[in-house]
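# Structural overview
In case you want the letters, here they are:
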Amino acid sequence: MGITGLNSLWTDANIVVKLNDDRIFTVGGKRKENSKTTIKTTVYDDTLLFDPKQFVWSLGPSLFEGRFHHSALPLKDGSVLVIGGEGINGPLASVEKFGPFVSGASRSAPHSSGPDMLESRADHSATLLGDNRILVCGGATTPVENLQPNSEPARRGRRTATRVQALASCEIFDPGK
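Just so we're clear, the structure is a prediction, and the values are computed from it rather than from any experiment.

## Examining the overall build of the chain
From N to C terminus, the chain includes zero helices and 15 strands. Each of the 177 residues in the chain was classed as buried or not, and the buried ones make up 45%. Considering only contacts in the chain between residues 6 or more positions apart, those separated by 24 or more positions represent 54%.

## Focus: the sheet that holds strand β14 (residues 134-137)
Ordered by their spatial adjacency, three strands build an open sheet running β13-β14-β15, and the pairing between neighbours is antiparallel. Lying at the two open borders of the sheet, with one neighbouring strand each, are β13 (125-128) and β15 (170-173). Across the sheet, the mean angle separating the axes of adjacent strands is 20 degrees when strand polarity is ignored. Sheet topology note: the β13/β14 ladder contains four bridges and is antiparallel.

## Examining the state of the cysteines
Every disulfide links exactly two cysteines, by a covalent bond between their sulfur atoms. Per the stated rule, a full pass over the model turns up one disulfide. Note on cysteine connectivity: C137 is disulfide-linked to C170, with sulfurs 2.1 Å apart. On the sign convention where negative is left-handed, the bridge of C137 and C170, at about 115 degrees about the S-S bond, is right-handed. One end of the pair, C137, is in strand β14; the other, C170, is in strand β15, and 33 residues separate them in sequence. Judged by relative accessible area, C137 falls into the buried class, the value being 17%.

## Points about the pairing of β14
Turn length for the β13-β14 hairpin, with the two strands adjacent in sequence and antiparallel, is five residues, and the turn residue N132 shows positive phi of about 75 degrees. Looking at chain direction, β14 and β15 are connected through four bridges and run antiparallel. The residue bridging L135 from the neighbouring strand is I172, located in β15.

## Observations regarding the pattern of salt bridges
A full pass over the atoms with the stated rule returns seven salt bridges. A salt bridge links R67 to E96, with the shortest nitrogen-to-oxygen separation between them at 2.9 Å. Here E96 lies in strand β11 (residues 95-98) and R67 lies in the loop between β6 (56-59) and β7 (71-74), a separation of 29 residues in the sequence. By relative accessible area, E96 is classed as buried at 2%. In this structure, R121 engages E171 in a salt bridge whose closest nitrogen and oxygen atoms are separated by 3.4 Å. Remark: E171 occurs in strand β15 and R121 occurs in the loop between β12 (111-113) and β13; sequence separation between them is 50 residues. When its relative accessible area of 7% is taken as the criterion, E171 is described as buried. It is possible to trace a salt-bridge network through shared partners that takes in E119, R121 and E171.

## Thoughts on the environment of L73
As for its position among the elements, L73 is in strand β7. A sequence separation of 57 residues divides L73 from V16, and the C-alpha atoms of the two residues are 9.5 Å apart. When residues no more than four places from it in sequence are discounted, the contact partners of L73 are S79, V80, L81, I83, A126, T127, L128 and I134.

## Overview of the sheet that holds β12
Read across the open sheet, the four strands follow the order β7-β8-β11-β12; overall the sheet is antiparallel. Lying at the two open borders of the sheet, with one neighbouring strand each, are β7 and β12. Looking at each pair of strands side by side, their axes are set apart by 20 degrees on average, direction ignored. Pairing of β7 with strand β8 (residues 80-83), which is carried by four bridges, proceeds in the antiparallel orientation.

Scoring rules and cut-offs
- Residues numbered from 1 in each chain as written.
- Predicted model: local features only at pLDDT ≥ 70, side-chain atom pairs only at ≥ 80, totals over all residues.
- Heavy atoms only, no water.
- Helix = DSSP H or I, 4+ residues; strand = E, 2+ residues; numbered from the N terminus.
- Buried < 20%, exposed > 50% of the residue type's maximum accessible area, 1.4 Å probe, protein only.
- Contact = heavy atoms within 4.5 Å.
- Pairing = 2+ DSSP bridges.
- Axes fitted to C-alpha atoms, helices over the stretch in contact; angles between N-to-C directions.
- Disulfide = S-S within 2.5 Å.
- Salt bridge = Lys/Arg side-chain N within 4 Å of Asp/Glu carboxyl O.

Right under this line is the structure:
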């Protein structure tokens, strides 16, 4: 592989999307590292592209905000919409659009933000509707995981409970507005 930035490929909670030209687009993710004295969580803002024809990984444009437990949907125009998820400070309402992807290009794919969803959501479902709007349902509005700061001692043998506020609602999101 031989390029830097591939750390997010071997993470938890990244999303993988197949593009129209058969390339693979991976987005975000996180990694927890435990030592005897600290728990360090890294939230990635990386995107990566895999070209199966050339068997090559390359760096894509960075997310504006690192995220995990998000969703990513390929749109009909060849772009990918990255929706919500959890950032270092909790669930996100933000949306980022990548592309449309041009065959063979990586970093040159356009990248834009917003508009935001009505509610912050992590671990939600997202479905592309026939008119290109997105149905986003469920998820959580409070942190799904307790991201302990790097300086906090690790507690071996004890779990830190996090109360999750589950959402029993849906919203229809129009990425074109």
